[in-house]
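So the chains spell out like this:
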Amino acid sequence: MSDGIIAISDTFLPTLQQVPREVAGQVTSTLEMLRTTPESPGLHVEPLQNVKDDRIRSVRVNRKYRVLVFRLNSSGQNVWLVEGVYNHDAAYAKAPTLYLRMNPISGTTEIRSDDDAVQTGGGYSEEEVRSRAAALAAEMAAERLAEQQAAEAERVTGAEETPEAAGGAGAGGEAPAGEKQAEPAQPSTVPAAQTELALDGDEPRRPKPEAPTGPVLAVTAQQLIDDLGLDPHLAEQAAGADDTTLYALAEKTKNWQGTALLDLATGTSLEDVRAAYFTGVTGGSAVGTPSGTEDVLQSLSAEKSQANYRLIEDDTALAEVLASGSFEKWRIFLHPEQKTYVEVNTRGPYRVTGGAGTGKTVVLVHRAVRLARKSAESGGSARIVLTTYTRTLADALAQQVRALAPSIPRPDALGAPGIHVTGVDRIAHGAVTSAQDLTPMADVLGWTTRTPKFSRHAREWDAAIQAAAAADALRDRSQPHVTAAFLIDEYREVVLPHRILTEVDYLRVSRTGRGTRLGRAQRREVWSAIAAYREGGQRDSALDWDETSAVAAAILDARAAATGERVADHVLVDEGQDLRPTQWQMLRALVAEGEDDMFIAEDSHQRIYSNPVKLGRYGIAIRGRSRRLKLNYRTTAQNLDFAVSILRGGDFDIAAMEDDDLLSSEVTHGADRGTFRSIRTGPEVTFLPAVDLADEIEKVAALIRQWTEEIVDEGGDPSTIGVLTRFNKTRDTLVRALDDRGLRVVSVDRNTSYRGGAPLVMTFHRAKGMEFTHVVLFGVDDSSSVDVARSAYDEQTLEAAELQERSLLYVGATRARDQLAVAWAGTASALLETGEAR
Ligand SMILES: Nc1ncnc2c1ncn2[C@@H]1O[C@H](COP(=O)(O)OP(=O)(O)OP(=O)(O)O)[C@@H](O)[C@H]1O
């Protein structure tokens, strides 16, 4: 008999994570034996008594553990569908109730249990189900044909651009050093399904959110039954369910039906949900009846089943993951939407947005690996750059790439085959230091050197202002446009990207997007300070980081002009919302425009470093190629609700801030409860109001102690607790105070890498991109925001700075997987809008 096939169910990985490490190793070798030599005397594959589905087997791992599998035998070949690993007694208690059913409407395999909280009741007989399924299949085929015909008609007549084509070549926006192009036309109509979202985005200010009541879904129970194939009992409860009930139902429903409900709750249409999960396989059986082996096998091998099941046969990637000893679900099972963005072939830059924890990084890492594998399969050696804002985040990305695909090369240098993972400033630094020819520097700065230093400090702007004042070039130094804050932004957002070298050019340049309007005399003043800053740089042969990436872009462009070659084939960017204009220019210069050139993951609601950027200005035209992820995999619904309530108080008009040429519905998400949901629920957020700092520290110390004990009791590591502060100073005070109370914590800053064994204390900024099981937001009182008015030089920067304070709290709150606590002394921050906190 030929070797069998191992099929992994998504129920298996969480159970594998629960067993001791050495047992996990034994499980994988047991599965390998099951695949190759199931008859081996060393392997005990036991049928069980009194079972619902006689295909279920218990396979011995060691004295204590058993794996539950379904044996699906077809034409002499075995497919072993692995459900989970349990200790002996739990396995024997569970096995009799389990059965395999293929849903006749969706064609999806479901591992069901007689104990399912939601069971059959009402609905159709088996016969009715089958005939309904056949009718539906015909309906879908007709729909597909009609769609194809419509698309064909559009292509032929050119009557209307498809979204992809609309963002194609030529829509590149304003050239860096050129004239402003005409604004792309706004679409005159918004598709009906998106109208509500678009209007939401236009609301000037949201009222304080009320707890949502009434049905969440905009579909009837009958539609859920007929069109989706949900269990009738579940459908009836779900159709009328309010928010809380819907979550409870989705969580209890272990198979794809639960996720499909959440998808609908995020605004995904019935058609899209069907397109995501329906396998197209016909047959199956009603709830309560196991389905035939052939039906199940066909369904399992359908591509759409990959969200929940994977066959190991020929899947070296999956085998690699299992062999690695680390079993997080994200490495094998992607949400259908995530999978789409991993695999989509793009005709230019593509952007995935989505709230915190929706798996944007997961998509990016899978995509980088897919591009590398695809190239290797066709004998190529693609040069892939995977980058993000900071080095710490880049290190985390590198770890994920290694976990997913240890065998793919991760070169240290730009231009080598494989996945080069590094921070965006390091790329710029590398491009400048490795350049043979630094003359393009002169095109950006007006001077050049063979030995640049990278050491300029923001305070050198003060020296430049002083120098300009000393030369009598400034009339009044208290004017906003001659403050360091204004000049830094003007330099990085206007002067450097446009490669302005002279006052004459600066007087002419379009400053679109900058809030403050400047007259001629004011521009002269600004230029005098900028010229002084540049002279300082030239004197010291020193570049700041914005200059470095601007120079890197010029060097890369010059090299491409001379050789016709760019240094990368694909560029993937995480945390894109925090990148600055010249960094985008540099990334654009790494890769030629074309298929799969740039892929960007970002969340505008998490922007905590830079001002919004209109990517189209830097040759990154994403119009029509921006998509949104909506299911939060990280944090519970309770924590997410709290985090989103912070955003709601702010006027995040993302569409206007960054890409006003996009439909606002393409980018809105965070403030819109209906479009962003968590996949699980947990305890309520804990609020810890305190009378003063000492009281707050006491309360937080007690909570950390309690959490630490609970985590240690369960065999976990207390470094999964994160305590976040707004300022470095608060962090240091807190760490000292906890230390005085005999509570060991680790203070994390730029220079300390974190270790396990103790809770971590760090700033909100440092926690960006990280996640913890438990989080305390410390010191969220009315003095916890920076005095934004002090550094803001106009209305626009004031608003942006206020939004950044909200974003910081949002970032902090969404680091928590399970439990979140918010502490403050005295009056709570005005940014906390929830009733409990006020
Ligand atoms: N398909 C999936 N199955 C299981 N877990 C997933 C899946 N996708 C993402 N996750 C988990 O959700 C969490 C958040 O994922 P990720 O960090 O990619 O989100 P993100 O959108 O980049 O978040 P942020 O914007 O906050 O950085 C991680 O723990 C990740 O492992």
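What you see is a predicted model; the values in this text were computed from it and never measured.

J.: What should I look at first to understand unusual backbone geometry in this one?
T.: Phi is mostly negative for residues that are not glycine, and the peptide bonds are mostly trans. The phi angle at Asp472 is positive, at roughly 60°, despite the residue not being glycine. With respect to the element layout, Asp472 can be found in the loop between helix H19 (460–470) and helix H20 (484–495). In this structure, Ser541 is a non-glycine residue whose phi angle is positive, near 50°. Relative to the elements of secondary structure, Ser541 occurs in the loop between helix H22 (520–540) and helix H23 (545–563).

J.: Can you walk me through the pairing of strand S7 (residues 109–113) in this structure?
T.: The two faces of a sheet get side chains in turn, since along a regular strand they alternate between them. Judged by how many residues are buried, S7 sits mostly within the fold: five of five residues are covered. Burial of the side chains of S7 extends over both faces: Thr109, Ile111 and Ser113 are buried on one face and Glu110 and Arg112 on the other. Direction of pairing for strand S6 (residues 98–102) relative to S7: antiparallel, over a ladder of five bridges. Within the sheet, the bridge partner assigned to Tyr99 lies in S7 and is Arg112.

J.: Help me out: how do you make sense of the environment of Val369 in this one?
T.: With respect to the helices and strands, the residue Val369 is situated in helix H15 (residues 360–377). On the basis of relative accessible area, Val369 is assigned to the buried category, the value being 2%. The contact partners of Val369, leaving out residues within four places of it in the chain, are Val401, Leu404, Ala405, Ile408 and Ile419.

J.: Even after reading the chapter, I still don't get the nonpolar core, so can you show me in this structure?
T.: One recurring pattern in soluble globular proteins is that nonpolar side chains are buried together. Leu445, Tyr506, Val571, Trp584, Met586, Leu587 and Leu590 are the most contacted members of the largest nonpolar core, which totals 64 residues. In terms of residues, this core owes the most to one element, H23, which gives seven residues. Not counting chain neighbours up to four residues away, the residues in contact with Leu587 comprise Thr387, Val424, Ile427, Val571, Val573, Leu579 and Met598. With 36 residues, the next largest nonpolar core counts Met762, Phe772, Val775 and Ala816 among its residues.

J.: Would you mind going over the site of the ligand with me for this structure?
T.: Close to the ligand lie 21 residues, the nearest being Gln338, Lys360, Thr361, Gln606 and Glu771. At 2.9 Å, a backbone N or O of Phe333 approaches a nitrogen atom of the ligand. Between an oxygen atom of the ligand and a side-chain N or O atom of Lys360, the distance comes to 2.8 Å. Surface burial for the ligand is 90%, taken as the share of its 640 Å² of free accessible area covered by protein chains. For the shell around the ligand, the element with the highest residue contribution is H15, accounting for three residues.

J.: Please explain the sheet that holds strand S14 (residues 626–629) as it appears in this structure.
T.: Whenever strands of a sheet pair, they do so through backbone hydrogen bonds, lying parallel or antiparallel. Pairing is parallel across the open sheet formed by six strands, whose spatial order is S11-S10-S12-S13-S9-S14. Bordering the open sheet on either side are strand S11 (418–423) and S14, each of which pairs with just one other strand. Strand after strand, the sheet turns through a mean of 15° between neighbouring axes, direction not considered. Where strand S10 (residues 383–388) and strand S12 (residues 570–573) come together, four bridges link them in parallel fashion. By the bridge assignment, Ile384 is partnered in S12 with His570. Along the sheet face, helix H14 (residues 336–343) touches strand S9 (350–354), strand S13 (598–602) and S14 and points at about 150° away from the line of S14.

Conventions adopted
Residues numbered from 1 in each chain as written. Predicted model: local features only at pLDDT ≥ 70, side-chain atom pairs only at ≥ 80, totals over all residues. Heavy atoms only, no water. Helix = DSSP H or I, 4+ residues; strand = E, 2+ residues; numbered from the N terminus. Buried < 20%, exposed > 50% of the residue type's maximum accessible area, 1.4 Å probe, protein only. Pairing = 2+ DSSP bridges. Contact = heavy atoms within 4.5 Å. Core = buried A, V, L, I, M, F, W, Y, C linked by side-chain atoms within 4.5 Å. Near = heavy atom within 4 Å. Polar contact = N/O pair within 3.5 Å; in protein donor to acceptor, adjacent residues only side chain to side chain. Areas by Shrake-Rupley, 256 points an atom, 1.4 Å probe, with all protein chains shown as cover. Axes fitted to C-alpha atoms, helices over the stretch in contact; angles between N-to-C directions.

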